[in-house]
Amino acid sequence: MSETKVIEVAGLTKKFGDFKAVDNISFEVEKGEIFGFLGANGAGKTTAMRMLTGLSKPSSGKGKVAGFDVLKESERIKERIGYMSQKFSLYEDLTVKENIRFYGGIYGLSRQQIQTKTSHILEELNLDQVGTKLVKSLPLGWKQRLAFAVSMVHEPEIVFLDEPTGGVDPMVRRQFWEAIYQAAELGRTIFVTTHYMDEAEYCDRISIMVAGKIKALDSPDKLKDQFEAGSMDEVFLKLAR
Amino acid sequence: MRRLRFLIQKEFIQIFRNKALLPMMTLLPIIQLIILSNAASNEVKDVRVAVVDLDQSELSRALSNKIVANDRFSLVATPFNKKEALDLMQLDQVDIVLEVPSDFEKQFYRGEAPQLQTLVNAINGQQATVGSGYLSGIIGSLNGEIRAKEPMLFPDLAKPNKPIVVTSNNWYNPELDYPHFMAPGILAELTALLTIVLTAMNTVREREIGTIEQINVTPIKKWEFILGKLVPFLCLGLLLLTVGLIASKLIFDIPMRGNIGLIFAYAIVNLICVLGFGLLISNFAETQQQAIFVAFFFVLIFVLMCGLFTPIDSMPKWAQYATIPNPLAHFISVSRKVLLKGSGLADIKMEFLYTFVLAILFNTAAVWSYKKQE
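So, how was this worked out
- Residues numbered from 1 in each chain as written.
- Chains lettered and ligands numbered in written order.
- Predicted model: local features only at pLDDT ≥ 70, side-chain atom pairs only at ≥ 80, totals over all residues.
- Heavy atoms only, no water.
- UniProt positions renumbered as here; feature names shortened; annotations may be inferred.
- Helix = DSSP H or I, 4+ residues; strand = E, 2+ residues; numbered from the N terminus.
- Contact = heavy atoms within 4.5 Å.
- Buried area = accessible area lost by both parts, 1.4 Å probe.
- Salt bridge = Lys/Arg side-chain N within 4 Å of Asp/Glu carboxyl O.
- Polar contact = N/O pair within 3.5 Å; in protein donor to acceptor, adjacent residues only side chain to side chain.
- Nonpolar A, V, L, I, M, F, W, Y, C, P; charged D, E, K, R; others polar.
- Core = buried A, V, L, I, M, F, W, Y, C linked by side-chain atoms within 4.5 Å.
- Buried < 20%, exposed > 50% of the residue type's maximum accessible area, 1.4 Å probe, protein only.
- Pairing = 2+ DSSP bridges.
- Axes fitted to C-alpha atoms, helices over the stretch in contact; angles between N-to-C directions.
- Expected span 1.5 Å × (residues − 1).
- Arc of directions from axis to C-beta.

- Per an unreviewed UniProt entry, chain B goes by ABC transporter permease and derives from Poritiphilus flavus.
- Looking at the Subcellular location (unreviewed entry) heading of the UniProt record, one finds this comment for chain B: "Cell membrane".
- Quoted verbatim from the Sequence similarities (unreviewed entry) field of UniProt, the annotation for chain B is "Belongs to the ABC-2 integral membrane protein family."

- As annotated in an unreviewed UniProt entry, chain A carries the name ATP-binding cassette domain-containing protein and comes from Poritiphilus flavus.
- What the UniProt record of chain A gives under Subcellular location (unreviewed entry) is the line "Membrane".

Structure (C-alpha cells):
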C-alpha cells in the first residue's frame, strides 16, 4: 500500500434490505487532496461517507481509511479523522468555548492543549467577542465555520465534511472554502460532499455518484474535457440525464 | 477516564442551564408528594347505608341507631322493600344495603340466630370489604350488648363463657396515619420515575438533534458514554430524594427510625438500576415521543405493581414473582422498612441483592445495545 494513499476503497457496498444505497464503489484518495463527492440528493453520498467514518457498517467490499480497515478497525479510524455532519452537531446550549473544551476533551487533549486550541480557533474565526456566548445565539454561517474548526480540534489526518455549506450565504461559503484550503495546505486530506456544482470546481478531484454508483472520477478540468462540457453543471446534467 | 470527566462536566452545565429542569426536579415532586400522600388513602369513610327494615321492631331500630351513631356510616335511606333499596344502589346513592327480615326480633329472642343480609356495592372493592367489615363489627357488638344486658333471656349463655377477644395494635404506624405510610413509598416512586424518564428523554434528544452522531464518530468508549449520562442523573436523583425527604419530614413529620445513610446507600444502587433502564429504552427510541411512550408503558407496570397501592402480599403468586424485576417495588419496601420500622442492613439485604443484580443487568444491556455503528 502506498504511503500517500489515505483512503482506499474497493467494491464498497451498503444494502438496506433489497435497496443498494451504495453499489460497489471503488476509489482512492491521496494525502492532502481535496476530494469532492458529488451527486443528487439520495445518490448515496452520505451513506458512503458514513461507512468511511465508521458510523455505518459496510454490507460488503473493503476499505482502508488512514491505514485502518473500515470493517474491523473503525474505532482506530475515529482517532484519526474529523467529521462534520449534515445536521448541525455542536451543542446549542453550550458556549463556544465549552463546545471546544468538550470535543477537545473527548478526543483526549490535555487541558493545556485545549486552551491553546481554544484561543487559536477563536482568533482564527474572529470569535473572540463571543467565546462565552451560547452557540445557539450565533448566526448559521458562524456556527458552520465553528463546527468545521471543532471537527479538527484533534488535528486529524482526514476531515469528512457532509454538505458543510448547506443553507449558508455565498459570502460564508467563500470563507468556508478558504478555511478548507487552509486545512489542506497543512497536509490534511479533505473529503467533502456537496451538490453545489461551483464548489466542485474548487476540488482537486471529484467523483460523481448516480444511484449508488460512481459514474465519473477525475479532476474537474479533465471531466469537462471528457464530457465535452463547459462547466461542471453540464457534466453533472449529462451524467444524471 | 479523562474523557468521562468532560462528558459529566458537559452534562452538568446543560442541566444547570436548563431553566425548566431543576424546578421540575424539586418543586413538582413536593407538590405530588403532598397531593398523593393525602389522597391515596385506603381509609374508608362515609359509607352510605340504606336499611330495609321489614321488622320495624325495637331491636331493628336499635340496630339502625347504632349504625347512625357510627361516624363512618351515614344512613341515607330507609326504603320499604329490597327492590327500592337496590334501585338506590343502581343510582349509586348507597354503598351497602342492610336488610332486616320481618321476624328478626322474634327469632333473636327465641335464640334462633336470625339472618341479616347485607348487599354491598362492590364496584369499589375497598369500600365493599372494609365497609362491610365495619358493619359486621357493629352488628356483632349490638349482639353482645343485648346478651350482656339481658342474660336471663339466654340461659345457655348465662354461665360466664366470655368469647375470645382479639385486640390488635398497629405497630410502626400506631395511628394508621396514611401519609406516614404513603409518603416514603411515593418518594421512592417519584425519584425512580423522574430519573427513568429524564435520562431516556435526554439521550434520545441528542439523537434527535444529531449530536450523538458527532459523539459516535469520536473514539469514545460505549461504557464511557453510558457512565457520562448515568453519573449526572444519579446526582440529580439523589438531590430529588433529599428534597423529598426533607419535605416529608417538614410537612408530614414522617418517622425516620432507621439510618438515613442506609436509605441513601440503597438509593444509589436503585438509581443506577433505573437509570440503566432509562438508557436502555433510549437506545431503542428514535424520537423523544417513542421514548416517552415506552417509558410510560413500563412505568405504569412498575407503579401499579410496586406495592404502593396494592400490597404485594395480596397479589396472586405469579404477580408477586413479577415484582422481583421491578426496582420500584424494592425501593418502596426499603424506604418503608427503614423509615417506619427502623430496619437495618440485614433486614433489607434481599432488596439490596435483587436491585444490585438488576442494576448490573440493565446497565450491561444499555452498554451492549448502544450502537456506535449502524
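There's plenty left to go through after this.
Quick notes on the UniProt feature "domain: ABC transporter" (unreviewed entry) in chain A
No. 1: The UniProt entry lists residues 7-236 of chain A under the feature "domain: ABC transporter" (unreviewed entry), expressed in the numbering used here.
No. 2: With 37% helix and 27% strand, residues 7-236 of chain A has end C-alpha atoms that lie 24 Å from one another.

Things to note about the interface of chain A and chain B
No. 1: The partner chain B presents 27 residues to the 37 residues of chain A that form the contact.
No. 2: It is A:Leu55, A:Tyr91 and A:Ile106 in chain A that bury the most area against chain B; as a group they hold 21% of the surface buried on that side.
No. 3: Our count for the chain A to chain B interface comes out at 4 salt bridges.
No. 4: Here B:Lys372 and A:Glu75 are joined by a salt bridge, their closest N and O atoms 2.6 Å apart.
No. 5: Counting every contact that joins chain A to chain B gives 19 residue pairs in polar contact (both at pLDDT 80 or more).
No. 6: Contributing elements (two or more residues each) for the side of chain A that touches chain B: helix 2 (74-80), strand 6 (81-84), helix 3 (96-106) and helix 4 (111-124) of chain A.
No. 7: At 6 residues, the largest contribution of residues to the side of chain A that touches chain B is made by helix 3 of chain A.
No. 8: Of the residues in the side of chain A that touches chain B, the class split is 16 nonpolar, 10 polar and 11 charged.

A word on the nonpolar core
No. 1: Counting residues in each nonpolar core, the largest one holds 152 residues, and the members touching the most others are A:Ile7, A:Phe27, A:Val65, A:Leu146, A:Phe160 and A:Phe191.
No. 2: With residues up to four places along the chain from it excluded, the contact list for A:Val65 reads A:Val6, A:Ile7, A:Leu52, A:Val70, A:Ile77, A:Ile81, A:Ile158 and A:Phe160.
No. 3: Within the second largest apolar cluster, 16 residues are counted, among which are B:Leu59, B:Leu98, B:Val100 and B:Leu135.

Some remarks on the sheet that holds strand 6 of chain A
Residues and elements named next belong to chain A.
No. 1: Taken in spatial order, the 6 strands line up as 6-7-8-3-9-10 in an open sheet, and their pairing is mixed. Edge positions in the open sheet fall to strand 6 and strand 10 (213-218), since each of these has one partner strand only. Neighbour-to-neighbour, the strand axes of the sheet open up by a mean angle of 15°, direction not taken into account.
No. 2: Pairing between strand 7 (residues 158-162) and strand 8 (residues 189-194): 5 bridges, direction parallel. Opposite Val159, over in strand 8, you have Ile190 as the bridge partner.
No. 3: Across the sheet, helix 5 (residues 140-151) touches strand 6 and strand 7, and the angle it forms with strand 6 is around 160°.

Some words on helix 14 (residues 349-369) of chain B
All names here are of chain B.
No. 1: Along its 21 residues, helix 14 runs 30 Å from first to last C-alpha, staying within 8% of the 30 Å computed at 1.5 Å per residue.
No. 2: Every buried residue belonging to helix 14 is among Glu351, Phe352, Thr355, Leu358, Ala359, Phe362, Asn363, Ala366 and Ser369, and all of these are buried. Projection of helix 14 onto a plane perpendicular to its axis shows the buried side chains occupying an angular sector of 145°, all on one side. Residues of helix 14 that are exposed and point over 90 degrees away from its buried face: Lys349, Leu361 and Trp368.
No. 3: Among the structural elements, helix 9 (222-252), helix 10 (260-284) and helix 13 (327-341) are those in contact with the buried residues of helix 14.

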